[in-house]
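What follows is the residue order along each chain.
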Amino acid sequence: LCVWLVSDSEESNANLLRQAHERGIDAERVVLAQRRDFDKHIRRTAAADLVADSYTYNAHTTAVDAIYGGVPVVTVAGDVIQSRLAAGVLGALGPGSESLARTREEYSELLHHLITHPKVLQRLRARMAHASRYGLESRPLFDTEGWFRDFEGCLFLLVEVYANGAGA
């Protein structure tokens, strides 16, 4: 297991490594990755076995990147929007929503199960990799063109309603 974080500066790297050390995490288990273009980033993301999402502030873009890379994201939905984003991403995905825990206890149990049962994790990774290669763009979450068409339609409707006096 490792902690994989973005490397933004020497100062932040030193702070992250110091914090890890203070919490008993060996520096060899902390990966400080340089920023890359999207395709290279997604390819290297696929090197992860799984993403263990944080509870109070979810993965957001990291969850989407992991899914594009075919990597399972284990998360639990919190009570506020910033702790529910990864759950929304997984719910919209279909495959992988099995890694969405309902409680913090279930989250811990699921992570433990996946880590201690490599064949189960391997099957989940295979389903995620298949989903990321076949049809991810057809799902509403990843259908950017469809989203823009719908948004554009909403804007035209608003203009029409306003032009007809309903918005005054």
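What this report covers is the structure whose coordinates are included nearby. Along each chain, numbering runs from 1 in the same order as the chain's sequence is written. For a predicted model such as this one, the threshold for reporting local features is a pLDDT of at least 70, and the threshold for listing and counting side-chain atom pairs is 80 or more; totals across whole chains, interfaces and linings nevertheless cover every residue. Excluding hydrogens and water, the side-chain values take into account all heavy atoms of the structure.

1. Concerning helix α5 (residues 104-116)
Because each turn of an α-helix spans 3.6 residues, side chains separated by three or four positions end up pointing in the same direction. Note on conventions: DSSP H or I runs of at least 4 residues are helices, E runs of at least 2 residues are strands, and numbering of each starts at the N terminus. In this analysis, the expected span of each helix is defined as 1.5 Å times one less than the number of residues it contains. If you check α5, its first and last C-alpha atoms are 18 Å apart, about what 13 residues at 1.5 Å a residue would give, namely 18 Å. Think of it in three bands: residues with accessible area under 20% of the maximum for their type are buried, residues over 50% are exposed, and the middle band is partly exposed, with areas taken using a 1.4 Å probe on protein chains only. Restricting attention to buried positions, one finds in α5 the residues Y107, L110, L111 and L114. Looking down the long axis of α5, one finds its buried residues gathered within 100° of arc, a one-sided arrangement. Turned more than 90 degrees off the buried face of α5, the exposed positions are E105 and H112. Each C-beta atom gives one direction from the helix axis, and the arc is the one those directions make.

2. Some words on the nonpolar core
Nonpolar side chains tend toward joint burial in soluble globular proteins. Residue types Ala, Val, Leu, Ile, Met, Phe, Trp, Tyr and Cys, when buried and joined through side-chain atoms within 4.5 Å, form a set referred to as a nonpolar core. In this structure, L50, I67, V73, V74, Y107 and L114 are the most contacted members of the largest nonpolar core, which totals 23 residues. Mapped onto this core, the elements with two or more residues apiece are α3 (61-68), β4 (73-76), α4 (85-93), α5 and α6 (118-133). The greatest single-element share of this core, amounting to four residues, is contributed by α5. Only heavy atoms matter for contacts: two residues are in contact if any of them lie within 4.5 Å across the pair. Those residues in contact with Y107 that sit more than four places away from it in its chain are A52, D53, V74, T75, V76 and A101.

3. Quick word on the sheet that holds strand β5 (residues 100-101)
Two strands qualify as a pair provided DSSP detects at least 2 bridges between them. Sheet architecture is open: three strands sit in the order β3-β4-β5, paired in parallel fashion. Across the chains shown, the open sheet's two edge strands, defined by having one partner strand only, are β3 (51-52) and β5. With two bridges connecting them, β3 and β4 associate as parallel partners. Among the inter-strand pairings, V51 is bridged to a residue of β4, identified as V73. Working convention: axes come from line fits to C-alpha atoms, limited for helices to the stretch in contact. Angles between N-to-C directions cover 0 to 180 degrees. In the packing of α5 onto the sheet, contacts are made with β3, β4 and β5, and the angle to β4 comes to roughly 160°.

4. Topic: helix α7 (residues 144-163)
Its 20 residues place the ends of α7 28 Å apart at the C-alpha level, agreeing with the 28 Å of an ideal helix rising 1.5 Å per residue. Following α7 by one or two positions, G165 adopts a phi angle in the positive range, close to 90°.

5. A short note on the packing of aromatic side chains
In this scheme Phe, Tyr and Trp rings, the latter by its six-membered ring, pair at centre separations within 6.5 Å, and the angle between planes marks the pair as stacked below 30 degrees, edge-to-face above 60, and tilted otherwise. With the rule as written, the count across this model stands at three aromatic pairs. Taken together, a centroid distance of 5.1 Å and an interplanar angle of 10° make the contact between W147 and F151 stacked. Residue W147 and its partner F151 are located together in helix α7, separated by four residues, close to a single helical turn. Since its relative accessible area comes to 39%, F151 is described here as partly exposed. Following the ring pairs from residue to residue traces out a cluster consisting of W147, F148 and F151.

6. Here's the deal with the pairing of strand β2 (residues 30-33)
Of the pairings in the sheet, the one linking strand β1 (residues 3-6) to β2 comprises four bridges and is parallel in character. When the bridges of β2 are listed, V6 appears paired with A33.

7. Here we look at the pattern of salt bridges
The rule for a salt bridge is simple: a side-chain nitrogen of Lys or Arg has to be within 4 Å of a carboxyl oxygen of Asp or Glu. Following the criterion strictly, the structure yields three salt bridges and no others. Among the salt bridges present, the one from E22 reaches R18, with a minimum N-O distance of 3.5 Å. Linking E22 with R18, this pair stays in helix α1 (residues 10-22), spanning four residues, or about one helical turn. The shortest N-O distance in the salt bridge between R102 and E106 comes to 2.8 Å.

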